[in-house]
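Observations on the model geometry
One-letter residues, chain by chain:
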Amino acid sequence: MITTAGLLEAYYDCRRNKRKTASALVYEMDYESKLIALRDRINMRTYAPGKSICFVVTRPRYREVFAASFEDRIIHHYIALRLEPLFEQVFCPYTYNCRKEKGQLYGINTLKQQIIECSDNYTTDCYIMKLDLSGFFMSIDKQILARLIDCFILDRYTGEDIEDLRYLCRVVIFHQPEKNCERHSPARYWDYLPPNKSLFTNGEGKGIAIGNLFAQLFANFLLNGLDWYLEELGIKYHGRYVDDFYCIHRDKAVLLSAVPKIRAKLGEYGLTLNEKKFYLQHYTKGVQFTGSIVKPWRSYTCNNTITNFVAAIRRLNNAKDLRQAEHAVNSINSYLGLLRHNNEYNTRKRVLKMIESQAYEYVYIKKNYSILALKNKYKKRVQTYKRIRDGDY
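We now turn to the structure provided with this report. The shown structure was predicted, so the numbers you read here are calculated from the model rather than taken from an experiment.

**A few points about the nonpolar core**
Counting 79 residues, the largest nonpolar core has Phe136, Phe218 and Ile262 as the members making the most contacts within it. Every residue in contact with Ile262, bar those within four places of it in the chain, is listed here: Met129, Leu131, Leu226, Tyr229, Leu230, Leu233, Phe245 and Leu273. Ala328, Ile332, Leu336 and Leu372 belong to the second-largest nonpolar core, a separate cluster that totals 24 residues.

**Things to note about helix H10 (residues 252-268)**
The end-to-end C-alpha distance of H10, which contains 17 residues, comes to 26 Å, matching closely the 24 Å that a straight helix rising 1.5 Å per residue would cover. Capping the start of H10, Asp251 holds a side-chain oxygen 2.9 Å from the backbone nitrogen of Ala253, two or three residues further along. A positive backbone phi angle near 75° is found at Gly270, which sits one or two residues after H10.

**Things to note about the pattern of salt bridges**
Inspection of every chain in the model, using the stated rule, returns 20 salt bridges. Between Lys130 and Asp244 there is a salt bridge, with its nearest N and O atoms 3.3 Å apart. In this pair, Lys130 sits in strand S3 (residues 127-132) while Asp244 sits in strand S6 (residues 244-249), placing the two residues 114 residues apart along the sequence. Like Asp244, Lys130 is buried. With its nearest N and O atoms 2.8 Å apart, the salt bridge here joins Arg240 to Asp227. One end of the pair, Arg240, is in strand S5 (residues 237-241); the other, Asp227, is in helix H9 (residues 213-232), with 13 residues separating them in the sequence. Overall, Arg240 belongs to the buried group, its relative accessible area being 1%. Residue class for Asp227 comes out buried when judged on its relative accessible area of 2%. Via salt bridges that share partners, Asp150, Glu163, Arg166 and Arg170 belong to a single interconnected network.

**A look at the sheet that holds strand S9 (residues 292-295)**
Ordered in space as S8-S9-S10, the three strands form an open sheet in which the pairing is antiparallel. Both edges of this open sheet fall to strand S8 (287-289) and strand S10 (298-301), since each of them pairs with a single strand only. Direction aside, the axes of adjacent strands within the sheet are offset by 30° on average. Where S9 lies against S10, four bridges are found, and the strand directions are antiparallel. Note on S10: the bridge partner recorded for Ser292 is Thr301. Helix-sheet contacts for helix H5 (residues 104-118) involve S8, S9 and S10, and the interaxial angle to S9 is about 20°.

**So, the environment of Tyr62**
Position of Tyr62 relative to the elements: it lies in the loop between strand S1 (52-57) and strand S2 (63-67). Accessibility expressed as a relative area gives 32% for Tyr62, which makes it partly exposed. It is 30 Å that separates the C-alpha atoms of Tyr62 and Ile371, two residues lying 309 residues apart in sequence. Leaving out residues up to four positions away in the same chain, Tyr62 has contacts with Val56, Val57, Tyr189, Tyr192 and Leu193.

**Examining the side chain of Ser185**
Position of Ser185 relative to the elements: it lies in the loop between strand S4 (181-183) and H9. In contact with Ser185, other than residues within four places in its own chain, are Cys54, Phe55, Val56 and Trp190.

**Regarding the packing of helix H12 (residues 322-340) against helix H13 (residues 345-352)**
H13 packs onto H12 with a crossing angle of 160° between their chain directions and a minimal axis gap of 9 Å. By the angle class used here, H12 and H13 are roughly antiparallel. Considering how the two elements wind past one another, H12 and H13 form a crossing that is right-handed. Judged by residue contacts, Ile332, Leu336, Leu339 and Arg340 of H12 engage Thr347, Arg348 and Leu352 from H13.

**Some details on the pairing of S1**
Every second residue of S1 is oriented toward a common face, the buried set being Ser52, Cys54 and Val56 and the non-buried set Ile53, Phe55 and Val57. Relative to S4, S1 runs parallel, the two sharing three bridges. Of the residues in S4, the one forming a bridge with Cys54 is Arg183.

Rules of the game
Residues numbered from 1 in each chain as written. Predicted model: local features only at pLDDT ≥ 70, side-chain atom pairs only at ≥ 80, totals over all residues. Heavy atoms only, no water. Core = buried A, V, L, I, M, F, W, Y, C linked by side-chain atoms within 4.5 Å. Buried < 20%, exposed > 50% of the residue type's maximum accessible area, 1.4 Å probe, protein only. Contact = heavy atoms within 4.5 Å. Helix = DSSP H or I, 4+ residues; strand = E, 2+ residues; numbered from the N terminus. Expected span 1.5 Å × (residues − 1). Polar contact = N/O pair within 3.5 Å; in protein donor to acceptor, adjacent residues only side chain to side chain. Salt bridge = Lys/Arg side-chain N within 4 Å of Asp/Glu carboxyl O. Pairing = 2+ DSSP bridges. Axes fitted to C-alpha atoms, helices over the stretch in contact; angles between N-to-C directions. Parallel < 35°, antiparallel > 145°, perpendicular 65-115°, else oblique. Left-handed = near helix turned anticlockwise from the far one by under 90°.

Structure, rendered in structure tokens:
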């Protein structure tokens, strides 16, 4: 039987960093009784996910996203708290997305180090092959995923709530959010999505919603078998971020011969390679991975990121008030953080010089074009102190 304490732990984990959102505030008004009611529905096996919000993001490409209700997100955190530590015990070290102490930068640095090792510090030929999956999240077979997750729980999980965990995993995997959702994007946006990129058109029993915590976690688990399979093929140097993965080897023939074997392995999971995204080059030609282009002794930021960086500068130039300026500054600093890890000093300098004179009412540049800061008088703590001093509180 699931306990109130277990759900309370998941609730606190779910609302962390989200406590000021509208859905979290509404739930918090009466969270004790709501969690007890949720507990009872799970124990009586009558729990059903609620209505989701669906929208389409347009950058860097059109992509359908589902956002579960706050209560359903508590369930996702309940599952993650129990399975994520067990997944970490079996995950390949060269899987970088949605894992603590890893991520994009870790993946880029690992890729650089692997190229150096495989090429014997850039003195020996080696080749990089990069592959991608076709419509990964929307192509996931729910039956296969549910079976693999259930077998993993039976094999690895020892908690008293094992039957509840198995039940909740089946519910979230087989849930069809597209049949109970509110669309928050114009209907025409879906016209830009191919049929295999939307839950509304990808086929019955296929796909899990991008945007939910369990989707990222389970998708990583599903492809973990592929990560270890690459080692069996004799490919020592490899890495993956979601469905984008690379292989490095000194013998080009080894990489080419691995492709049909990889294709067959993915077929066991009901997945296919994107045949239009195949890359195989000498390491000196460079390789693009997680938003960066890695070349010997240096790395650069992809053009799409630079374009978005320029767009954030334009939003700052067009800011009509402090709120808009602060929002633009936050975006700009995010891009600066990405560029600082690559050889992009001149790019940072060039783009920041596009800031127009009126914007300097709010901001200033510091630390060698690495940070854009709000002027002290506009910082929240200064404004709060001023209101207290003036008796506005």
